[in-house]
Amino acid sequence: QVELVESGGGLVQTGGSLRLTCVASGRILTNYSMGWFRQSPGNEREFVAAVGWRDGARTRYADSVRGRFVISRDNAKNTLYLQMNSLKPEDTAVYYCSARIMSSLTTRKEAYDYWGQGTQVTVSS
């Protein structure tokens, strides 16, 4: 069993930056992959970024955030990060951390096995 706890959300102006953190308790195996998703009111939960737990160089991004967001992990701390730069009002959402018991990176939310409770990010115009 894996528990995920996100933090780092908040209110920021357009063009600002935030770093989200997700701490995992329980054993994250090397064949896991980790992801960030987001959900705004009235919309489905959408993929943001994913990273391989063993090989942090393997990453995948949604087109809407590529070049602005960076996903990374610290295996020793069992922690996942999402550095968000050049934030836009359309980035406003609840951001969720997720873990998948497979190493391949996927954008499908149904493929992830564990979820955090979410952290709110609000970008003001």
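A brief structural summary. (Residues numbered from 1 in each chain as written. Predicted model: local features only at pLDDT ≥ 70, side-chain atom pairs only at ≥ 80, totals over all residues. Heavy atoms only, no water.)

**What to know about the overall build of the protein chain**
(1) Moving on: Counting secondary structure elements, the protein chain contains 0 helices and 11 strands.
(2) Moving on: With the C-alpha coordinates of the protein chain rotated into their principal frame, the extents come out at 40 × 25 × 25 Å.
(3) Moving on: Classification of the 125 residues of the protein chain by burial places 45% in the buried group.
(4) Moving on: Split by element, the accessible area of the protein chain, about 6,200 Å² in all, is 46% carbon and sulfur.
(5) Moving on: On the protein chain, the mean spot of the 15 positive side-chain charges and the mean spot of the 11 negative ones are 5 Å from each other. (Helix = DSSP H or I, 4+ residues; strand = E, 2+ residues; numbered from the N terminus. Buried < 20%, exposed > 50% of the residue type's maximum accessible area, 1.4 Å probe, protein only. Areas by Shrake-Rupley, 256 points an atom, 1.4 Å probe, with all protein chains shown as cover. Lys, Arg positive; Asp, Glu negative; His and termini not counted. Charge placed at Lys NZ, Arg CZ, Asp CG, Glu CD.)

**Structural notes on the sheet that holds strand E3 (residues 18–25)**
(1) Moving on: Taken together, the 4 strands give an open sheet; going across it, the order is E1-E3-E8-E7, and neighbouring strands pair in antiparallel fashion. What marks the edges here is a single partner per strand, and that holds for strand E1 (3–7) and strand E7 (69–74). Sheet twist, expressed as the mean angle between neighbouring strand axes with direction ignored, is 15°.
(2) Moving on: Pairing between E1 and E3: 5 bridges, direction antiparallel. (Pairing = 2+ DSSP bridges. Axes fitted to C-alpha atoms, helices over the stretch in contact; angles between N-to-C directions.)

**Considering the pattern of salt bridges**
(1) Moving on: All told, the structure shown has 6 salt bridges when counted by the stated rule.
(2) Moving on: Salt-bridge contacts for aspartate 91 lead to arginine 38; the nearest nitrogen and oxygen are separated by 2.9 Å. Placement of aspartate 91 in the loop between strand E8 (79–84) and strand E9 (93–100) and of arginine 38 in strand E4 (residues 33–39) is noted, with a sequence separation of 53 residues between them. In terms of burial, aspartate 91 and arginine 38 fall into one category: buried.
(3) Moving on: A salt bridge links arginine 66 to aspartate 63; its shortest N-O distance comes to 2.6 Å.
(4) Moving on: With a relative accessible area of 65%, aspartate 63 lands in the exposed category.
(5) Moving on: When salt bridges with common partners are traced through the structure, they connect Arg38, Glu46, Arg68 and Asp91 into a single cluster. (Salt bridge = Lys/Arg side-chain N within 4 Å of Asp/Glu carboxyl O.)

**Some remarks on the state of the cysteines**
(1) Moving on: What the rule picks out here adds up to 1 disulfide.
(2) Moving on: Here cysteine 22 pairs with cysteine 97 through a disulfide, and the sulfurs are 2.1 Å apart. Taking the sign of the S-S torsion, about -70° here, the bridge from cysteine 22 to cysteine 97 comes out left-handed. Highlighted residues: cysteine 22 in strand E3 and cysteine 97 in strand E9, separated in sequence by 75 residues. Residues cysteine 22 and cysteine 97 agree in their burial class; the two are buried. (Disulfide = S-S within 2.5 Å.)

**Comments concerning the side chain of arginine 100**
(1) Moving on: Mapped onto the secondary structure, arginine 100 falls in strand E9.
(2) Moving on: One buried charged residue, arginine 100, remains without a salt bridge, the closest side chain of opposite sign being aspartate 113 at 5.7 Å.
(3) Moving on: Within the local environment of arginine 100, its side chain forms a polar contact with the backbone oxygen of serine 104, the two atoms lying 2.5 Å apart.
(4) Moving on: Other than its neighbours up to four places away in sequence, arginine 100 contacts Asn31, Tyr32, Ser33, Leu105, Thr106, Ala111, Tyr112 and Asp113. (Polar contact = N/O pair within 3.5 Å; in protein donor to acceptor, adjacent residues only side chain to side chain. Contact = heavy atoms within 4.5 Å.)

**A word on the packing of aromatic side chains**
(1) Moving on: On inspection of all chains with the given rule, the structure shows 4 aromatic pairs.
(2) Moving on: Their ring planes at 75° and their centres at 5.1 Å tell us that phenylalanine 37 and tyrosine 112 sit as a pair that is edge-to-face. In this pair, phenylalanine 37 sits in strand E4 while tyrosine 112 sits in the loop between E9 and strand E10 (114–115), placing the two residues 75 residues apart along the sequence. In this structure, phenylalanine 37 and tyrosine 112 share a single accessibility class: buried.
(3) Moving on: With a centroid separation of 5.1 Å and an interplanar angle of 65°, the aromatic rings of phenylalanine 37 and tryptophan 115 are classed as edge-to-face. With phenylalanine 37 in strand E4 and tryptophan 115 in strand E10, this pair connects stretches of sequence that are 78 residues apart.
(4) Moving on: Phenylalanine 37 sits in the buried class, given a relative accessible area of 0%.
(5) Moving on: Among the residues examined, tryptophan 115 registers a relative accessible area of 29% and is labelled partly exposed.
(6) Moving on: These aromatic residues form a ring-pair network of at least three members: Phe37, Phe47, Tyr112 and Trp115.
(7) Moving on: Positioned above the aromatic ring of tyrosine 96, the side-chain terminus of arginine 45 is 3.6 Å from the ring centre. (Phe/Tyr/Trp six-rings, centres within 6.5 Å; stacked < 30°, edge-to-face > 60°. Lys NZ or Arg CZ within 6 Å of the ring centre and 35° of its normal.)

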